[in-house]
Amino acid sequence: ADDADYITSPNTSTPAVLGLSPAMTAGARTIRVRAARTGTTGQLRVRLLDSGGADVGGTAWQALTTTPTTYTLAATLTATADRYRIEVQP
């Protein structure tokens, strides 16, 4: 990870949907996300979507620290996912 190269996410009500290649098949998966919060609190989760945009699984909310940390999150997919979104809450 390069902590000098990062993006800052605003509080959003409509998260961006990004492509996943290769697609993830149904089953238990591990997702790693490196993040840090800049406010007094913050959390994130990853939702996985099928080609039609339907939610097919994802992670639980993960509370963030102020130090950049790589979080290992568990997800269970009920179908193949080829898209994902990272949701952020303050």
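First things first, this report covers the structure right here in the doc. For clarity, every value in this text was computed on a predicted model and none was experimentally measured.

Looking now at the overall build of the protein chain. Regarding its fold elements, the protein chain presents 0 helices and 7 strands. Seen in sequence order, the protein chain has helices and strands lined up from the N terminus as β-β-β-β-β-β-β. A compact globule built from 90 residues would reach a C-alpha radius of gyration of about 12 Å, and the protein chain, at 13 Å, matches this within 12%. Each of the 90 residues in the protein chain was classed as buried or not, and the buried ones make up 24%. Pairs at least 24 residues apart make up 70% of the contacts formed inside the protein chain by residues separated by at least 6 positions.

Before going further, it helps to spend a moment on the environment of Ala16. Structurally, Ala16 can be placed in the segment before β1 (17-24). Spatially, the C-alpha atom of Ala16 lies 18 Å from that of Ile31, the residues being 15 residues apart in sequence. Setting aside chain neighbours within four positions, we find Ala16 in contact with Tyr84, Arg85 and Ile86.

Relative to strand β6 (residues 69-77), strand β2 (residues 27-35) is paired through 9 bridges, and the arrangement is antiparallel. Its bridge partner lying in β6, Gly27 is registered against Leu77. As judged from the 2 bridges shared by strand β4 (residues 55-58) and β6, these two strands associate in the antiparallel manner. Pairing of Gly58 across the sheet is with Thr76, part of β6.

Along the polypeptide, Ser13 turns up in the segment before β1. By relative accessible area, which is 73% here, Ser13 ends up exposed. Along the chain, Ser13 and Gln89 lie 76 residues apart, while their C-alpha atoms are 9.1 Å from each other.

Let us look at the nonpolar core. The biggest cluster of nonpolar side chains holds 14 residues, and the ones touching the most others in it are Ile31, Val33, Ala35, Leu44 and Leu48. Only β2, β3 (43-49) and β6 provide two or more residues apiece to this core. Take this core: its biggest share by element is 4 residues, from β6. The residues contacting Val33, other than those within four sequence positions of it, are Leu44, Val46, Thr69, Thr70, Tyr71 and Leu73.

Let us look at the pairing of strand β7 (residues 81-89). By the bridge criterion, 4 bridges tie β1 to β7 in an arrangement that is antiparallel. Bridge pairing links Gly19 to Arg83 in β7. Looking at chain direction, β3 and β7 are connected through 7 bridges and run antiparallel. Within the sheet, the bridge partner assigned to Leu44 lies in β7 and is Val88.

In most cases, non-glycine residues show a negative phi, while peptide bonds are predominantly trans. Put simply, Ser21 and Pro22 share a cis peptide bond, and its omega is 0°. Assignment of secondary structure puts Pro22 in strand β1.

What counts, and where the lines are drawn
- Residues numbered from 1 in each chain as written.
- Predicted model: local features only at pLDDT ≥ 70, side-chain atom pairs only at ≥ 80, totals over all residues.
- Heavy atoms only, no water.
- Helix = DSSP H or I, 4+ residues; strand = E, 2+ residues; numbered from the N terminus.
- Rg over C-alpha atoms; globule rule 2.2 N^0.38 Å.
- Buried < 20%, exposed > 50% of the residue type's maximum accessible area, 1.4 Å probe, protein only.
- Contact = heavy atoms within 4.5 Å.
- Pairing = 2+ DSSP bridges.
- Core = buried A, V, L, I, M, F, W, Y, C linked by side-chain atoms within 4.5 Å.

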